[in-house]
2 protein chains.
Amino acid sequence: MSIYWNETTSKIIPYVPGEQPQDKKYIKLNTNENPYPPSPKVIEAINSAACDTLRLYPDPECKMLKEAIAAYYNVGIENIFTGNGSDEILAFCFMAFFDEQKPVKFADITYSFYNVYADFFKVPYEIVPLNQDFSLPVEKFATSEEPFRQAGIIVANPNAPTGMAVDINDIERIAAANQNSVVIIDEAYVDFGCESAVQLTKKYPNILVIHTLSKSRSLAGLRAGFAIGSAELIEGLERVKNSFNSYTLDRIAIAAAAAALKDVEYFEMTRKKIIHTREKFSKDLAQLGFKVIPSSANFVFVSHGTFKADFLFQELKNRGILVRYFKKPGIDNYLRITIGTDEEMDTVVETIKDMK
Amino acid sequence: MSIYWNETTSKIIPYVPGEQPQDKKYIKLNTNENPYPPSPKVIEAINSAACDTLRLYPDPECKMLKEAIAAYYNVGIENIFTGNGSDEILAFCFMAFFDEQKPVKFADITYSFYNVYADFFKVPYEIVPLNQDFSLPVEKFATSEEPFRQAGIIVANPNAPTGMAVDINDIERIAAANQNSVVIIDEAYVDFGCESAVQLTKKYPNILVIHTLSKSRSLAGLRAGFAIGSAELIEGLERVKNSFNSYTLDRIAIAAAAAALKDVEYFEMTRKKIIHTREKFSKDLAQLGFKVIPSSANFVFVSHGTFKADFLFQELKNRGILVRYFKKPGIDNYLRITIGTDEEMDTVVETIKDMK
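Because the structure is a prediction, the values reported are computed rather than measured.

J.: Honestly, the packing of helix α10 (residues 264–287) of chain A against helix α12 (residues 342–355) of chain A in this entry has me stumped. Any pointers?
T.: For any two helices packed against each other, the geometry is given by the interaxial angle and the distance between the axes. Residues and elements named next belong to chain A. Relative to each other, α10 and α12 sit at 10°, their axes nearing to 10 Å. Comparing the axis directions of α10 and α12 gives the class roughly parallel. Seen from α10, the contacting residues are T277, K280, F281, D284 and L285; seen from α12, they are D342, M345, D346, V348, V349 and I352. For the contact of α10 with α12, the class distribution of residues is six nonpolar, one polar and four charged.

As structure tokens, then:
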């Protein structure tokens, strides 16, 4: 505590990201990073951006990056917002669309930054419990009881930390039932196997789809994300950004992110590899007595019939394998394990076998 | 306007940065960028960071960068906050220290982002007019009438767009008179010729000094800044950052910024060159009938006896030289001209001579 902090700063409980241990070399499967390096074209783009004009401010419009995104997703430049990671974009959404008057709605088990934002920006929120099987109770989000409330909805698809996908028709039902509210679809993991809502943004001006380059584009270390939606939603985000920090993406990030978007072949190759590894690993774990939630992401959410999750977490860590354990009601007997290379996942399987 | 925007988003008037024209090649003296490229060691650092582990999240603590800053300024790691440009740090200051209850005080002629932040974050503010000669009315900031008001003060030193320095003893008077308030000293341009308040932060827990790498370190395109202050002020900023975006600096920016801080020789060489060019250019302009405000920054603020500033701005632009003109009461007959290379400034002088 400090006399210099305002009330919000004194009260907030900040988000805690997965650990980035420095003590020893782990097989690191705790923060859903991609096991493959970014496209070689990204490295080329970085090297030429570095030789270029770093002494000059970047383009505040990030036009080069927006053009690459527009080409890939077949949307207009005016439908794209770029940010310093998708977390920054989520924060800007709270600043642009929500306020103290109306609640934002999200699931009880989902990305744990949403309620940190809500508390921090003093936005009330309504927590909707997932179904017993961790699926989304769509009808509770697609209710039209209060069509003019202008609140907000956030759905992670696929969800984290469960990995479960929501059907695109259900996403559309939610958007259609809440046409006066901003419906944020956080698609951080969408490239690993579920259908994106990007094309729905052309029909529904209230849908904002948020993507990151941290996962399927192997660029967690670069900090770049983007949002796709109607021109009015994008303009709202631009207004907030330009009242906060005119240049959130640097010259190197803009060039590197654009190069990543353009190398479709590399992207397809690496994401398919990860999907393939996930399917094999899920089968292997099932054979070891794990319950494996069907995953559309680059991680699996698993629980064992005998071994408790906190025990497994600690045992794996002792043996050099770092996974994520959330000590939270409802999921405190689950582990979230990022999908690494085939070799890494085989090591996990062998390590667990050894514990028996 | 949009039904999806909240009230703040609908009402705000965002900050407008200096233009980054794409239409033709200008001698670009409008956004206080450094005419020299960053240190060659920065480019080396970028190339090795790019080959490294971009697939992994960066260190949220930015330890490597903080260590370089700590070594250069002889302060503790716990006294340093790093951000995605000094603008992001200023925004975090408003979020961490100020609120709707008490006003923040700054000059009428100063960095024009301060009042944008205040409006955006709904912080009331008290505008203090500069003296006639653009110097800071120190007594109006060093007043102790309300010692427990816990408001805030922001002083840019040297000031922008005037370039005028505030004496370090006056900075100390302001800090001493406001020990219950956060006193932010925005030293974006301090390396070009005025004394830093960094060492005062050891005596006054209420001073926060903010630096950027955009100007004296030639890294406007990289987006990196830092703040130095008491551990409690820094912790306040960390709490805000970790409720907003855990990783605002990417792996490349961390490595590049650390390399820039370490190359003291290159830094000294380039900043001294700019100071030398500024002094010569100021004399040349005085001989052409300009009033030149004494500058401690990498720009000069000038007014001509005959030519109106808006005319000069447009004429220079037509002739391929971009400077900054603020159409604001009190300074609407002044131009802010960034210091480029000797050759560039000679061209400016010759171009103005040609107009006669």
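J.: In this structure, what is going on with the sheet that holds strand β5 (residues 152–156) of chain B? I would like to understand it.
T.: In any sheet, the strands associate via hydrogen bonds between backbone groups, in a parallel or an antiparallel arrangement. Residue and element names in this part refer to chain B. An order of β2-β8-β7-β6-β5-β3-β4 is seen for the seven strands of this open sheet, with the pairing classed as mixed. Across the chains shown, the open sheet's two edge strands, defined by having one partner strand only, are β2 (80–83) and β4 (125–128). Mean inter-strand twist for the sheet, computed between neighbouring axes without regard to direction, equals 20°. For β2 and strand β8 (residues 225–229), the ladder comprises four bridges, and the chain directions are antiparallel. Opposite F81, over in β8, you have A227 as the bridge partner. The sheet strands contacting helix α8 (residues 231–241) are β2, β6 (182–186), β7 (207–212) and β8, and the helix crosses β2 at an angle near 30°.

J.: I would appreciate a short explanation of the pattern of salt bridges in the present structure.
T.: Pairs can form between side chains of opposite charge once their charged atoms are near each other. Residue and element names in this part refer to chain A. Here the structure, examined in full by the defined rule, presents 26 salt bridges over all chains. Between K63 and E67 there is a salt bridge, with the nearest N and O atoms lying 3.3 Å from each other. Placement of the pair is K63 and E67 together in helix α3 (residues 63–73), with a separation of four residues, close to one helical turn. Owing to a relative accessible area of 47%, K63 belongs among the partly exposed residues under this scheme. For E67, a relative accessible area of 41% gives the class partly exposed. Here R271 ties to E268 by a salt bridge, and the two come within 3.0 Å at their closest N and O atoms. Of this pair, R271 and E268 both sit in helix α10, three residues apart, which is roughly one turn of the helix. Of the two residues, R271 and E268, both sit in the buried class. One connected set of salt bridges, linked through shared partners, spans E268, R271 and K272.

J.: It is not clear to me how the interface of chain A and chain B should be interpreted in this structure. Could you clarify?
T.: Often, the extent of an interface is quoted as the loss of accessible area upon association of its parts. Opposite the 81 residues of chain A that make contact, chain B presents 79 residues. Here chain A and chain B share an interface that buries about 6,700 Å² over both sides, 55% of which is from carbon and sulfur atoms. Interface area lost by chain A to chain B is led by Y4(A), R55(A) and Y57(A), which between them contribute 14%. Applying the counting criterion to the chain A and chain B interface returns zero salt bridges. The interface formed by chain A and chain B includes 46 residue pairs in polar contact (both at pLDDT 80 or more). Counting only elements with at least two residues in the side of chain A that touches chain B, the list comes to α1 (7–11), α2 (40–51), α4 (86–97), α5 (114–120), α8 (231–241) and α9 (251–262) of chain A. Of the residues forming the side of chain A that touches chain B, the biggest block, eight residues, is contributed by α4(A). Within the side of chain A that touches chain B, the residues separate by chemical class into 44 nonpolar, 24 polar and 13 charged.

J.: Is there a simple way to think about the nonpolar core in this case?
T.: Note that soluble globular proteins tend to have their nonpolar side chains buried in a common cluster. Counting residues in hydrophobic clusters, the biggest one holds 126 residues, and the most contacted among them are I46(A), F134(A), I174(A), I46(B), F134(B), L136(B) and I174(B). Aside from chain neighbours lying at most four places away, what touches F134(B) is I109(B), T162(B), M164(B), I293(B), F301(B), G330(B), I331(B) and Y334(B). Ranked by size, the runner-up nonpolar core spans 75 residues in total, among them F94(A), V104(A), V182(A) and F120(B).

Procedures and definitions
Residues numbered from 1 in each chain as written. Chains lettered and ligands numbered in written order. Predicted model: local features only at pLDDT ≥ 70, side-chain atom pairs only at ≥ 80, totals over all residues. Heavy atoms only, no water. Axes fitted to C-alpha atoms, helices over the stretch in contact; angles between N-to-C directions. Helix = DSSP H or I, 4+ residues; strand = E, 2+ residues; numbered from the N terminus. Parallel < 35°, antiparallel > 145°, perpendicular 65-115°, else oblique. Contact = heavy atoms within 4.5 Å. Nonpolar A, V, L, I, M, F, W, Y, C, P; charged D, E, K, R; others polar. Pairing = 2+ DSSP bridges. Salt bridge = Lys/Arg side-chain N within 4 Å of Asp/Glu carboxyl O. Buried < 20%, exposed > 50% of the residue type's maximum accessible area, 1.4 Å probe, protein only. Buried area = accessible area lost by both parts, 1.4 Å probe. Polar contact = N/O pair within 3.5 Å; in protein donor to acceptor, adjacent residues only side chain to side chain. Core = buried A, V, L, I, M, F, W, Y, C linked by side-chain atoms within 4.5 Å.

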